Amino acid sequence: MTKKVFVKISGRNNDKRIPSRVLEEIVHRHIQDGHRYIEVEGYGQHGIGGRLWDAGTEDVHVRITGQSGQRAGSLGTANTHIEIMGPASDDVGWLNAGARITVHGNASNGIMNGAAQGRVYIAGSIGARGMTMTKRNPRFEPPELWVLGTAGDYFGEFMAGGIAVICGHSPNPAESILGYRPLVGMVGGKVFVRGNVTGFSQTDAKRSTITDEAWDWLQTNLDRFLKKINKPQLLKTFSKRSQWQLIEAKSPQEKVQGPGRPPMSWFREQVWDKELGRGGLIGDLQETERGTIPLITKGEDRRFVPVWEQGKYMAPCQASCPTGIPVQERWSMVRLDNIDEAISMGLEYTPFPATVCGYLCPSPCMASCTRNDEYMSPIDVRLLGKAGEKAKLPKIKRKSKKKIAVIGAGPGGISAAWHLTIKGHSVTVFDTGDTIGGKISSVIPGSRIPKKTLESELERIKTLIPDIRLKQTIGKKEFAGIKKEFDYTIVAAGAKKPRKLPVPGIENALFANAFLEKAKQNKIKPGRRVVIIGAGNVGCDVATEAHRLGARKITLIDIQKPLAFGKEKEDAEACGAIFRWPCFTKKINKKSVVIQAGEKIEADTIVVSIGDVPDLGFLDRSIDIQNGFVAVDRFNRTSVPSVFAIGDIIGPGLITDAIGAGRRTADSIDRLIDGKNPDQGEMLPMVNKERISLEYYNPRNVADTLGECGTDCASCGQCKDCGICVAICPEAAIERVETDDQPFMYKVDDNRCIGCGFCKGACPCGIWELVPNTPV
């Protein structure tokens, strides 16, 4: 449809102004439908006629009636022709990339700002800061601005290219055709002015003679300009050469070399050599040979050198994992198609990869994923966790003669026993309960963990750790006997004693753990109304279990904003649970909770869920206690060197905190058995997320398979061996080499490297860093 018939588009619909973005989309749809002549009735919309790339190389003609709004023709393409049938607002032709724009009237401020190509014709005068910060690509024709009248203040500020023609045709001629302080910071381009010009920057610009070639160009293009604005009769008026003057940018040499400025050779001979050169004050210390230094330096002359910092930093996911799992290494294995190895690696860090990493953990690793910073979906580590259900048992090292006791078969105790067994030591686990797993097995609702997954992992643990003694009575006497019999003891008894609420009628309430234990065995009927005092995650578990067992009006009250988060809170809200705060419990009746405001909340079952504390009655006086918890050092060692403590008995935390503490404590004990210092050194610092480049990844992609996750993982701080740095280096200074110490590394040839930093800028993983070069 290239026939010259204008399709008319109104900027109003049902007496309402259409937003600028929507109007632009309408114009694009018409161009996509084949229309090449479009008339837009503007109502102040911005950017009309700009960015019309849909027509390819075909010309598009846009006529604007009404009010065009700011930035008409901004980012205009070379095949776009725009005609504004009246005055125009600010920034006509802003960042113009080739559009031809005609304004039949005056135009406001910022005309042709930042333009690189194209022409703008103004049939009137313009406001301030026209033709500022223009530029010139020598591959294309320079940008041009033609003004029939005068220009406002600060015209041509920081002009770096292009041609401006100011005709000065005005019923009220100004004292200066270019307004106040024109051409400040001008570094390129030229300006033809008809009339008087005063006050332009003498530092940056100069008057030049109009050559015959320049005059012929001006006359030819004046004729075209005047015809475009329908004023061809003015050509004769504008044809007097004496009325015109040409102003151009000064060259860098003209700007810096004033009259009488000595050349550099004089300075070297009369000042430098005389005072500091050979024979001068420090001539005997001179070792530098005189000569030219290349414009682009290499070797020792570089200001900065690139360094491949593989293994120097920890990825954010690993740094945030309480268990310390090197998540990015597992995704690297997946990328290399070593999926079984990646899955099995989980068992090197936790005995519960599926139960905890796959289901129970709130996934701080995913919360810290660098992709979140760019509003991308984080890599779903839970997929790897769930796959760990079928992982093969790790190999056990040669047995040692050392015996270690673990008191408590919860997540922390099992983790410690698991890792010590793998390291080849004899471990005995003691627990007062009738099953292993602690609260995972006895308290956490089955809705959060598939029964088959939990049972599978518990069986795997029993296979690896054969000596697990359940239903044990552990008092002071038994604890003393264990300490004496075993070389090392790990106390991981957890926090099983509920915090009591000091209010009348507390005997009418159940405590959260007792409720959850009965609920998991379907041995309780909570009724239809349940009130839960304490709105943390455990309280949310109570709510979901109560709903499963028939409750329909569930209220969680708290003295502060509820601390619940993650899946537990989402599940409680999905059950219709109501969160209320601040609510201070005054009294608990058999069928209601009275809060301090006097309100009575009816309930068939009342559950108190304000946390648990450790029961430390079995410990003797040799173990230091602080604020109700066992005191430990940074190795989880108690006041008795052979006794360690981990998990909730030393302070409240996540399940993953206890599992991580179990692994680290096992490592410390293993080092002590080997006669080493338990200190394993400082952890690696986390890589700065700003070093990671996510531009290589599709932000809309949501990876839902192991393969996709491996591909989309940015491998923060760990080289993906992608070779982008080798491909992008302009001097071919980087090569990939294989060594005996590691599968690969990337080396820099100092004799080729110019220290440009392209490798750092392009690296997806943040491996490359530019560091200052050692001074010569």
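Higher on the page you've got the structure.
About the cut-offs
The written sequence of each chain sets the order in which its residues are numbered from 1. Given that the model is predicted, a residue must reach a pLDDT of at least 70 before its local features are reported, and side-chain atom pairs must reach 80 or more before they are shown or counted; all residues, however, enter totals for whole chains, interfaces and linings. Only hydrogens and water are set aside; all other atoms, that is, all heavy atoms of the structure, feed into the side-chain values. Going along the chain from the N terminus, every DSSP run of H or I of four or more residues is numbered as a helix, and every run of E of two or more is numbered as a strand. As defined in this context, the radius of gyration uses C-alpha atoms, and a globule is described by 2.2 Å times the residue total to the power 0.38. Categorising residues by exposure relies on relative accessible area from a 1.4 Å probe, with only protein chains included: less than 20% of the type maximum marks a residue as buried, more than 50% marks it as exposed, and the intermediate range marks it as partly exposed. The contact criterion used throughout is that any non-hydrogen atoms of two residues lie within 4.5 Å. Only the protein chains shown count as cover for residues, and the accessible areas themselves come from Shrake-Rupley with a 1.4 Å probe. When charges are tallied, Lys and Arg are placed among the positive residues and Asp and Glu among the negative ones, while His and the ends of the chain are skipped. By convention, the point assigned to a charge is CZ for Arg, NZ for Lys, CD for Glu and CG for Asp. Polar contacts, as counted here, are pairs of nitrogen or oxygen atoms within 3.5 Å of one another; within protein the pair requires one atom able to donate a hydrogen and one able to accept it, and residues that are adjacent in sequence qualify only if both atoms are side-chain atoms. Take the number of residues in a helix, subtract one, and multiply by 1.5 Å to get its expected span. Working note: the arc is built from the helix axis to C-beta atom directions. Under this scheme, a helix contributes an axis fitted over its contacting stretch, all axes are lines through C-alpha atoms, and angles between N-to-C directions fall in the 0 to 180 degree range. Two helices that cross are described as forming a left-handed crossing if the nearer one is turned anticlockwise from the farther one by less than a right angle, and a right-handed crossing if clockwise. We call Asp, Glu, Lys and Arg charged. Ala, Val, Leu, Ile, Met, Phe, Trp, Tyr, Cys and Pro are nonpolar, and the rest, Gly among them, are polar. Here, nonpolar core means buried Ala, Val, Leu, Ile, Met, Phe, Trp, Tyr and Cys residues that are tied together by side-chain atoms lying within 4.5 Å of each other. A pair of strands counts as paired when DSSP detects no fewer than two bridges linking them. Note on patches: the residues involved have over 30% relative accessible area and no salt bridge, like charges join within 9 Å, and the nonpolar side chains Val, Leu, Ile, Met, Phe, Trp and Tyr join within 5 Å. The term salt bridge refers to a pairing of a side-chain nitrogen on Lys or Arg with a carboxyl oxygen on Asp or Glu at a separation within 4 Å. In this scheme Phe, Tyr and Trp rings, the latter by its six-membered ring, pair at centre separations within 6.5 Å, and the angle between planes marks the pair as stacked below 30 degrees, edge-to-face above 60, and tilted otherwise. Charge-over-ring contacts are defined here by two conditions on Lys NZ or Arg CZ: a distance within 6 Å of the ring centre and an angle within 35 degrees of the ring normal.

K.L.:
Looking at this structure, how should I read the overall build of the chain?
P.N.:
On a plain count of helices and strands, the chain comes out with 21 helices and 34 strands. For the chain, whose C-alpha radius of gyration is 39 Å, the value lies well above the compact-globule estimate of 28 Å for 776 residues. Taken along the three principal axes of its C-alpha coordinates, the chain extends 115 × 85 × 50 Å. Buried positions account for 49% of the 776 residues belonging to the chain. For the chain, restricting intrachain contacts to residue pairs at least 6 apart in sequence, the fraction spanning at least 24 positions comes to 62%. Total accessible area on the chain is roughly 39200 Å²; 51% of this is exposed by carbon and sulfur atoms. Each charge class in the chain was averaged separately, 105 positive and 89 negative side chains, and the resulting centres sit 5 Å apart.

K.L.:
Would you take a moment to explain the side chain of Thr-350 for this structure?
P.N.:
By secondary structure assignment, the location of Thr-350 is in the loop between helix H7 (339–345) and helix H8 (353–360). Classification of Thr-350 as buried rests on a relative accessible area of 1%. A polar contact is formed between the side chain of Thr-350 and the backbone nitrogen of Phe-352, at a distance of 3.0 Å. Non-local contacts of Thr-350, meaning those with residues more than four positions away in its chain, are made with Thr-323, Ile-325, Cys-357, Trp-418, His-419 and Ile-659.

K.L.:
How do you make sense of helix H13 (residues 451–464) when you look at a structure like this?
P.N.:
Helical geometry note: an α-helix holds 3.6 residues per turn, so side chains three or four residues apart project in the same direction. Between its first and last C-alpha, H13 extends 20 Å over 14 residues, near the 20 Å set by a 1.5 Å rise per residue. Taken residue by residue, H13 has Thr-453, Leu-454, Glu-457, Leu-458, Arg-460, Ile-461 and Leu-464 as its buried positions. Across the axial projection of H13, the buried residues extend over an arc of 155 degrees, all falling on one side. Opposite the buried face of H13, at more than 90 degrees from it, the exposed residues are Lys-451, Lys-452 and Thr-463. Tucked inside the fold, the buried residues of H13 contact H8, helix H11 (411–422) and helix H12 (439–442).

K.L.:
I'm lost on the packing of helix H15 (residues 512–520) against helix H16 (residues 537–548) in this one. Help?
P.N.:
When two helices pack together, their arrangement is given by the angle between the helix axes and the distance between those axes. Interaxial distance between H15 and H16 falls to 10 Å at its minimum, and their mutual angle equals 35 degrees. With respect to the hand of their crossing, H15 and H16 are arranged in left-handed fashion. Between H15 and H16, the residues in contact are Ala-512, Phe-515, Leu-516, Ala-519 and Lys-520 and Val-538, Asp-541, Val-542, Glu-545, Ala-546 and Arg-548, respectively. Among the residues forming the contact of H15 with H16, the class breakdown is 7 nonpolar, no polar and 4 charged.

K.L.:
I keep staring at the nonpolar core and nothing clicks. Help me out?
P.N.:
A general feature of soluble globular proteins is that nonpolar side chains tend to end up buried together. Counting residues in each nonpolar core, the largest one holds 68 residues, and the members touching the most others are Trp-331, Val-429, Ile-461, Ile-465, Ile-490 and Ile-669. Residue contributions to this core peak at 6 residues, all from H11. With residues near it in sequence (within four places) discarded, Ile-465 still touches Ile-414, Ala-417, Trp-418, Thr-421 and Val-429. Of all hydrophobic cores here, the second largest spans 48 residues; its members include Ile-9, Leu-23, Leu-145 and Ile-247.

K.L.:
How should the pairing of strand S13 (residues 244–249) be read in this particular structure?
P.N.:
Looking along a regular strand, one sees the side chains alternate between the two faces of the sheet. Counting buried residues in S13 gives 5 out of 6 residues, a clear majority hidden from the surface. Alignment of strand S11 (residues 188–194) against S13, held across 5 bridges, turns out to be antiparallel. Residue pairing in the sheet places Phe-192 in a bridge with Leu-246 of S13. Pairing geometry for strand S12 (residues 205–208) and S13, over 4 bridges, is antiparallel. Along S13, the bridge assignment pairs Ala-205 with Ala-249.

K.L.:
Any chance you could explain a negative patch on the surface here in plain terms?
P.N.:
On the surface, Asp-373, Glu-374, Glu-690 and Glu-695 cluster together into a patch of negative charge. Mapped onto the secondary structure, Glu-695 falls in the loop between helix H18 (655–673) and helix H19 (706–712).

K.L.:
I keep staring at the packing of aromatic side chains and nothing clicks. Help me out?
P.N.:
The geometry of an aromatic ring pair is captured by the separation of the ring centres together with the interplanar angle, meaning the angle of the planes. Evaluation of the coordinates by the stated rule reveals 13 aromatic pairs. These aromatic residues form a ring-pair network of at least three members: Tyr-121, Trp-146, Phe-192, Trp-217 and Phe-225. Over the ring of Trp-94 we find Arg-71, and its NZ or CZ is 5.9 Å from the ring centre. Here the basic side chain of Arg-129 rests over the ring of Tyr-154, its NZ or CZ set 4.4 Å away from the ring centre.

K.L.:
Is there a simple way to explain the sheet that holds strand S31 (residues 643–645) in this structure?
P.N.:
Strands pair in a sheet through their backbones, by hydrogen bonds, and they do so in one of two ways: parallel or antiparallel. The parallel open sheet is built from 5 strands, whose spatial order is S17-S16-S15-S18-S31. On the outer flanks of this sheet lie strand S17 (468–469) and S31, each paired with one strand and no other. Relative to S31, strand S18 (residues 488–491) runs parallel, the two sharing 3 bridges. The residue bridging Thr-489 from the neighbouring strand is Val-643, located in S31.

K.L.:
Looking at this structure, I do not really get the pattern of salt bridges. What am I missing?
P.N.:
A side chain with one charge can pair with a side chain of the opposite charge if their charged atoms come near. Summed over all chains, the structure comprises 37 salt bridges. The salt bridge involving Lys-206 is made with Glu-254; its shortest N-O contact spans 2.9 Å. With a gap of 48 residues between them, Lys-206 in strand S12 and Glu-254 in helix H3 (residues 252–256) connect regions that are remote in the sequence. Lys-206 sits in the partly exposed class, given a relative accessible area of 27%. Residue Glu-769 pairs with Lys-760 through a salt bridge whose shortest N-O separation is 2.8 Å. You can call Lys-760 partly exposed: its relative accessible area is 34%. Among the charged side chains, a network of salt bridges with common partners joins Glu-309, Lys-312, Arg-691, Lys-760 and Glu-769.

K.L.:
What am I meant to see in the packing of H11 against H18 here?
P.N.:
Orientation of H11 relative to H18, taken along the N-to-C sense of each, is 35 degrees, at an axis distance of 7 Å. The handedness of the crossing between H11 and H18 comes out as right-handed. On the side of H11, the interface is formed by Pro-411, Gly-412, Ser-415, Ala-416, His-419 and Leu-420, while H18 contributes Ile-655, Ala-658, Ile-659, Gly-662, Arg-663, Ala-666 and Ile-669. Taken together, the residues of the contact of H11 with H18 break down into 8 nonpolar, 4 polar and 1 charged.

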